[in-house]
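Structure assessment
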Amino acid sequence: MSFTQEEIADQPSCWSQVTAVAAGAGKAALPAPGEEVAVVGCGTSWFMAQSYAALREGSGQGRTDAFAASQFPAGRRYDRVLALTRSGTTTEVLDLLGRMRGTTVTSVITADATTPVVQTADHVLALPFADERSVVQTRFATTALALLRAHLGEDLAPVVEDARSALAGPLDSAVVAAEQFTFLGSGWTCGLADEAALKMREAAGAWTESYPAMEYRHGPVSIAAPGRVVWALGALPDGLAEDVARTGATLVRSGLDPLADLVRVHRLAVAVATRRGLDPDRPRNLTRSVVLA
């Protein structure tokens, strides 16, 4: 197995550990109810930030915005800035936390408590059991989001079981052979849809797009056709399944928790990469962390 495959398979085990972390060591680092919070990251971490922001605000725990670290709005005030960074070395995250020092409470969720980000944040929560050797993020990102869901009071036990199911079931050969993939989300799963598309681009070099499900009819549906896939992460709006069926595209949906369904996309990305003769452990033009000179 590749590093990527090993890390994909380990996700249920990692998720099962985070409830205790959220209730114990993570308390000081994680947002308290009522705080106004900005969640930042880059790439995959930004998409996880989007999903958490929607979940937290939707649960009534306080205004929560998500930004790419490079796009944080100057002058906007928050009670806390929470950064997600697997490596702890990403330039944009370090720069932002440095600018926040002494003016805003900052917290970081990272995989390695020995990296430079530890020196720039007020609170650091490390998840070393979810660290990865792969360039392409899977295990750390989903574990961070699982942790944040647990901190919001969600019961992760059924989510973990769904993830085990996602690892066990076969992938449709017609989906693996498709020429194009579009991922759809609603609410908190819009971030998951963006992440699913990114995984397919990174690991497999695939033509992928992602949209809020209600926006899909407003133009993007025009590329749906036989031999192409529309994958719904979560529920679909009324009538959209019928719209997709009329195009001849293959609609993929499941009753799994959307985070667990993302695990199926991870498996798909590896399967498509393998079919195309690519190595998911060595994606083109990518490094494990973006460190700018």
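Every value quoted in this text rests on a predicted model; they were computed, and no experiment measured them.

Rules used throughout
Residues numbered from 1 in each chain as written. Predicted model: local features only at pLDDT ≥ 70, side-chain atom pairs only at ≥ 80, totals over all residues. Heavy atoms only, no water. Pairing = 2+ DSSP bridges. Helix = DSSP H or I, 4+ residues; strand = E, 2+ residues; numbered from the N terminus. Axes fitted to C-alpha atoms, helices over the stretch in contact; angles between N-to-C directions. Contact = heavy atoms within 4.5 Å. Core = buried A, V, L, I, M, F, W, Y, C linked by side-chain atoms within 4.5 Å. Buried < 20%, exposed > 50% of the residue type's maximum accessible area, 1.4 Å probe, protein only.

Some words on the sheet that holds strand β5 (residues 123–126)
On the basis of which strands lie adjacent, the open sheet formed by five strands has the order β2-β1-β3-β4-β5 and parallel pairing. Each having just a single partner strand, β2 (64–68) and β5 make up the two edges of the open sheet. On average, each strand axis in the sheet is tilted by 20° relative to the strand beside it, whichever way the strands run. Bridge count between strand β1 (residues 37–41) and β2: five bridges; the pairing is parallel. Looking across to β2, one finds that A38 is bridged to D65. Of the strands in this sheet, β1, β3 (80–85) and β4 (105–110) are in contact with helix α5 (residues 91–100), which crosses β3 at around 160°. Against the sheet, helix α6 (residues 139–151) touches β3, β4 and β5, its axis set at about 130° to β4.

Here's the deal with the nonpolar core
Residues W15, I109, F181, F183, M200 and W231 are the most contacted members of the largest nonpolar core, which totals 66 residues. When residues in this core are grouped by element, the largest group, ten residues, is from helix α11 (residues 258–275). Dropping the residues within four chain positions of it, W231 is found in contact with V175, T182, F183, L184, V252, D261, R264, V265 and L268.

Geometric values such as these leave the question of function open.
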